[in-house]
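Fold and geometry: a report
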Amino acid sequence: MGQCQCGNSAESKEKYLAPLKTILEGYEGKQKDLIPVLQKAQDEYGYLPEEVIKEIANALNLSLSQVYGVVTFYSQFHLEPRGENIIRVCLGTACHVRGGGQVLNKIKEELGVDDGETTEDLKFTLESVACIGACGLAPVIMINDDTHGRLTPDKIPAILDKYKA
Amino acid sequence: MDTITLTIDGQQVEVQQGATLLEAARELGIEIPTLCYHPDLSLHGSCRVCVVEDVKSGRLLASCVAPVNNGMEISTNSSKARVARKTNVELLLANHPNDCLGCDRNGSCELQDITHDLGITRVDFEGEKRDLPVDASGPSLKREPNKCILCGRCVRVCEEVQGVSALEFTERGFNSIVSTGFDLPQSEVNCANCGQCATVCPTAAITEISEVDKVWAALEDDTKHVVVQTAPSIQSSLGEEFGMEPGTVVTGQMAAALRRLGFDKVFTTDFAADLTIMEEGNEFIQRFKGEKNLPHITSCCPGWVKFCEHNYPDLISHLSSAKSPMSMFSAISKSYYAEESEIDAKDIYTVAIMPCTAKKFEKDREELVGDTDAVLTTRELARMIKEMGIKFETLADEKYDEMLGAHTGAGTIFGTTGGVTEAALRTVKEELDGEPLGRLGLGFEGIQEASLEVAGQTVNVAIANGLANASKLLDEVRAGNSKYHFIEVMACPNGCVGGGGQPLPTSKEIKQKRALGLRSIDESDSIRKSHENPMIKKLYDDYLGEPLGGHSHHLLHTKYQKRDRN
Ligand code: SF4
Ligand code: SF4
Ligand code: SF4
Ligand code: FES
Ligand code: FES
């Protein structure tokens, strides 16, 4: 779960939530504003921390559960901090058959995180995805907007190094 | 409005435009099984257990949502429809734990009934079972998401009837479940503990936290003097658990059964309801005369109180400070009763039988902890009676024990919407102008109002049941344009007769029958006013002194706390 990043004091909480307050001011506080408010808040904070979600629920007169339901329904929203680099490992049929699973395992091992997790230094977020439309290059991963194809586990460390700088 | 004519299973039927196929079929007395459909909630149309065949097109339609069309020919029992219904139920069972033997709802589960009715004897699909944690951390309700069939009835009742939305669909696809924000325990979100979700859940995915074992242990403990109080509304609902018609008054048999279970004294919350009226009635008179904290709002419903603390913390000063009848009873059982019967208060164990899951939460509130030792729902009491092998239907009537068993019709009607208001006004009016209260003529609507002349002044009262209805009245109070002096709120539809701990299944009709049962007790009671209850008079004379006096204040009044909206 995304832990509150705002510390304990009321003052630092207020400071932490100030940008959100500014975002909310641009809306009427109606339930239909939920998705755009969540998008803007995520742009601001990088993800949707619990404190932020609570504040949004209060402002739009929704319950925490209602907002959480929406956040977990759409894959665009994230409850955890995201890494600087997003690694998407394809596990679609073609990639799967050609060893996508081994590639994923190698990355997990190299970064010390599981599927869906982010490294502690916030450098990488690892995600497995279904076919990304580059089956000819299977197995494929994408790091941010770069496609890396025809992979074998031994090629992984060098690729990751390029993004570590 | 236009009418539509169609044929269902070869019979013609004429219904209003906009009706559903399910409604049309029921008009003809044709039963179609349903699961996600609930008559008191909006339509969902997700389980497809209700499919019927449109004969002309051969299409299968979900009858609970499909509208009628002129000239339609519908077959509810073509082999195509029957096979589809069966398959849809089998698919639900494929992901279901299917451990009916050990399940709380064994015997009252709609999924089990449908499985039986459709003649499903084994499940051929091997589905992936979910392994989600059980949430049993709160005082009131237990959630077992593995038993959830995603019908959404709890989500809808919590949103549409209660305006709380503590439960929601979360995640997507196969991972989709009904949960709370951040999957927090239900007791850590804005839930009111009313248990309406449990009453509409077709399976055991939401049930009360059982305290039956605690009560058995107390009953078997020779050092404990175990007293029991039963809430007003139990008298006309408990019989349903033993096959009787809803609304059947079983007060005498209930008292007999409680004695057989081994309770040392069998008392009634009706007594304490009279006491609540004495305190709260006088509190209202003070506020009315002093024009302070009006409208006065009732506080005997713990579901409503928690909802108010979350959503209207600014209006807490309007709540009556009087404890609920349950908590007043318990406080008296450990003070006056203990002294009168020369029993050490610490040896007294007070059990409350309530129609209510929120009362389990009330018992644990920091302001009230220690008053009541255990709260059982109507359903839990029935379970104990069955476990003891007591043949409830054959018991001869017995009476409550003396002292805290003395009751009036006023106390009894606390169990139905409007009852507290009527009981309070019977006493308040006589106190203020010496005249008896005329008929208020209350029904069962979600919001009702009445005006009456008292000592030359007009008193406007409003009564809400269901928390979404309460919000409408409270929003007016907050905006400063409420014309009412007295507002009664009960969290559950129809009041406690519709409580979250009452027998299942339940429906509007069943709740109304229970309410009529309570009114019939009131009408035949020789004493119908709280202030005329002889034991109440004696309690004030011998022990408490005056209503709102120092002694009462200490024992019978409480405080509330602000809670976060979310
Ligand atoms: S107990 Fe009441 S408020 Fe809580 S989730 Fe159930 S229906 Fe909603
Ligand atoms: S918990 Fe019960 S009522 Fe709620 S969706 Fe699941 S099965 Fe339906
Ligand atoms: S209306 Fe009655 S049963 Fe429902 S929560 Fe309130 S006290 Fe409990
Ligand atoms: S399966 Fe991996 S790109 Fe298509
Ligand atoms: S009852 Fe009709 S779709 Fe569920």
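1. Re the overall build of chain A
- What chain A contains, in helices and strands, is seven helices and four strands.
- Reading chain A from its N terminus to its C terminus gives the helix and strand order α-α-α-α-β-α-α-β-β-β-α.
- Principal-axis analysis of the C-alpha atoms places the extent of chain A at approximately 50 × 30 × 20 Å.
- Classification of the 165 residues of chain A by burial places 42% in the buried group.
- Taking contacts inside chain A between residues at least 6 apart in sequence as the whole, the part at least 24 apart equals 62%.
- Measuring between centres, the 17 positive side-chain charges of chain A sit 5 Å from its 24 negative side-chain charges.

2. Re the site of ligand 2
- In the vicinity of ligand 2, the contacting residues are B:C148, B:I149, B:L150, B:C151, B:G152, B:C154, B:V178, B:C201, B:P202, B:T203, B:A205 and B:I206.
- Across the shell around ligand 2, the residue classes tally to 10 nonpolar, two polar and no charged.

3. Brief notes about the site of ligand 3
Residues and elements named next belong to chain B.
- The full set of residues close to ligand 3 is C301, P302, P355, C356, M490, A491, C492, C496 and G499.
- When atoms are counted within 2 Å of each cavity's grid points, the one that captures over half of ligand 3 is the largest cavity.
- When the residues that make up the shell around ligand 3 are grouped by side-chain class, the tally is eight nonpolar, one polar and no charged.

4. Brief notes about the domain arrangement of chain B
Residue and element names in this part refer to chain B.
- Here chain B is partitioned into domain 1 (3-93), domain 2 (100-208) and domain 3 (228-556).
- Computed over C-alpha atoms only, the centres of domain 2 and domain 3 are separated by 29 Å.
- Domain 2 puts 20 residues into the contact, and the matching count from domain 3 is 26 residues.
- Roughly 1800 Å² is buried in total at the junction of domain 2 and domain 3, and carbon and sulfur atoms are behind 55% of that figure.
- In terms of surface lost to domain 3, no three residues of domain 2 exceed P139, T199 and E208, which account for 30% of the buried area on that side.

5. Quick notes on the interface of chain B and chain A
- The partner chain A presents 19 residues to the 19 residues of chain B that form the contact.
- The three residues of chain B that bury the most area against chain A are B:R172, B:F182 and B:N566, which together make up 49% of that side's buried surface.
- Joining chain B to chain A, the criterion identifies zero salt bridges.
- Counting every contact that joins chain B to chain A gives 13 residue pairs in polar contact (both at pLDDT 80 or more).
- Tallying contributions element by element places strand β7 (residues 168-170) of chain B first for the side of chain B that touches chain A, with three residues.
- Counted by class, the side of chain B that touches chain A contains six nonpolar, seven polar and six charged residues.

6. Comments concerning helix α16 (residues 467-479) of chain B
Residue and element names in this part refer to chain B.
- The end-to-end C-alpha separation of α16 is 18 Å, in line with the 18 Å expected for 13 residues at 1.5 Å each.
- For α16, the complete set of buried residues consists of L467, N469, A470, S471, L473, L474 and V477.
- Following α16 by one or two positions, G480 has its phi on the positive side, about 80°.

7. Thoughts on the sheet that holds strand β16 (residues 457-465) of chain B
Residues and elements named next belong to chain B.
- If you walk across this open sheet you meet the four strands as β12-β17-β16-β15, and the pairing is mixed. Each edge of the sheet is formed by a strand with only one pairing partner; in this case those strands are β12 (296-297) and β15 (447-454).
- Bridge count for β15 against β16 is eight bridges, and the pairing is antiparallel. When the sheet's bridge partners are listed, L452 is paired in β16 with V459.
- Where helix α15 (residues 419-433) meets the sheet, it contacts β15, β16 and β17 (486-490), and its direction lies at approximately 10° from that of β15.

8. Section: the domain arrangement of chain A
- Splitting chain A by domain gives domain 1 (10-73) and domain 2 (85-164).
- Taken over C-alpha atoms, the centre of domain 1 of chain A sits 32 Å from the centre of domain 2 of chain A.

9. As for empty space enclosed by the protein
Residues and elements named next belong to chain B.
- Applying the stated criterion across every chain yields a total of five cavities of 30 Å³ or more.
- In this structure, the largest cavity encloses a volume near 250 Å³.
- Around the largest cavity, the lining comprises 25 residues; the ones closest to its centre are C300, P355, K359, M490 and C496.
- Counting residues per element, the ones that place at least two in the lining of the largest cavity are α8 (269-290), α9 (302-311), α10 (325-333) and α12 (358-364).
- The class makeup of the residues in the lining of the largest cavity is 18 nonpolar, six polar and one charged.

10. A word on the nonpolar core
- Ranked by size, the top nonpolar core spans 77 residues in total, and within it A:V52, A:I56 and B:W304 carry the most contacts.
- For A:I56, the contacting residues outside a window of four places in its chain are A:L20, A:L34, A:V37, A:L38 and A:A41.
- Listed in part, the 40 residues of the second largest apolar core include B:A218, B:L238, B:L381 and B:I385.

11. Quick word on the confidence of the model for chain A
- Predicted confidence across chain A gives a mean pLDDT of 92, with 95% of residues reaching 70 or more.
- Looking across chain A, the model is least confident in helix α1 (residues 10-25) of chain A, with a mean pLDDT of 92, and most confident in helix α4 (residues 64-73) of chain A, with 97.

12. Section: the pattern of salt bridges
Residue and element names in this part refer to chain B.
- Across all of its chains, the model carries 48 salt bridges over all chains by this definition.
- K529 is the partner of E532 in a salt bridge, and the nearest nitrogen-oxygen pair spans 3.9 Å.
- Beyond isolated ion pairs, a larger network of salt bridges with shared partners links E211, K214, K360, K363, D364 and E380.

13. Here's the deal with unusual backbone geometry
- In this model, A:A138 is joined to A:P139 through a cis peptide bond whose omega is -10°.
- Summarising the element assignment, A:P139 is placed in the loop between β2 (124-129) and β3 (141-143).
- Note the cis peptide between B:L294 and B:P295, where omega equals -5°.
- The topology assignment puts B:P295 in the loop between α8 and β12.
- Of note, the phi angle at B:E342 is positive, near 50°, even though the residue is not glycine.
- With respect to the helices and strands, the residue B:E342 is situated in the loop between α11 (336-340) and β13 (348-354).
- Judged by relative accessible area, which is 74%, B:E342 ranks as exposed.
- Positive phi, close to 70°, is recorded for B:M403, a residue that is not glycine.

14. Notes on the side chain of B:Q502
Residue and element names in this part refer to chain B.
- Within the fold, Q502 resides in the loop between β17 and α17 (508-524).
- Taking relative accessible area as the criterion, Q502 reaches 1% and is therefore assigned buried.
- A polar contact of 3.0 Å, which involves the side chain of Q502, links it to the backbone oxygen of C496.
- Those residues in contact with Q502 that lie beyond four places of it in its chain are S233, S237, P355, T378, R379, C496, V497 and R514.

Cut-offs and rules
- Residues numbered from 1 in each chain as written.
- Chains lettered and ligands numbered in written order.
- Predicted model: local features only at pLDDT ≥ 70, side-chain atom pairs only at ≥ 80, totals over all residues.
- Heavy atoms only, no water.
- Helix = DSSP H or I, 4+ residues; strand = E, 2+ residues; numbered from the N terminus.
- Buried < 20%, exposed > 50% of the residue type's maximum accessible area, 1.4 Å probe, protein only.
- Contact = heavy atoms within 4.5 Å.
- Lys, Arg positive; Asp, Glu negative; His and termini not counted.
- Charge placed at Lys NZ, Arg CZ, Asp CG, Glu CD.
- Near = heavy atom within 4 Å.
- Nonpolar A, V, L, I, M, F, W, Y, C, P; charged D, E, K, R; others polar.
- 1 Å grid on protein atoms, 1.4 Å probe; cavity = no way out; pocket = protein on both sides within 12 Å on 5 of 7 lines; lining within 4 Å.
- Sits in = over half its atoms within 2 Å of the grid points.
- Domains from an automatic or database assignment.
- Buried area = accessible area lost by both parts, 1.4 Å probe.
- Salt bridge = Lys/Arg side-chain N within 4 Å of Asp/Glu carboxyl O.
- Polar contact = N/O pair within 3.5 Å; in protein donor to acceptor, adjacent residues only side chain to side chain.
- Expected span 1.5 Å × (residues − 1).
- Pairing = 2+ DSSP bridges.
- Axes fitted to C-alpha atoms, helices over the stretch in contact; angles between N-to-C directions.
- Points joined across faces, edges and corners; volume = space filled by probe spheres on them.
- Core = buried A, V, L, I, M, F, W, Y, C linked by side-chain atoms within 4.5 Å.
- pLDDT = per-residue confidence, 0-100.

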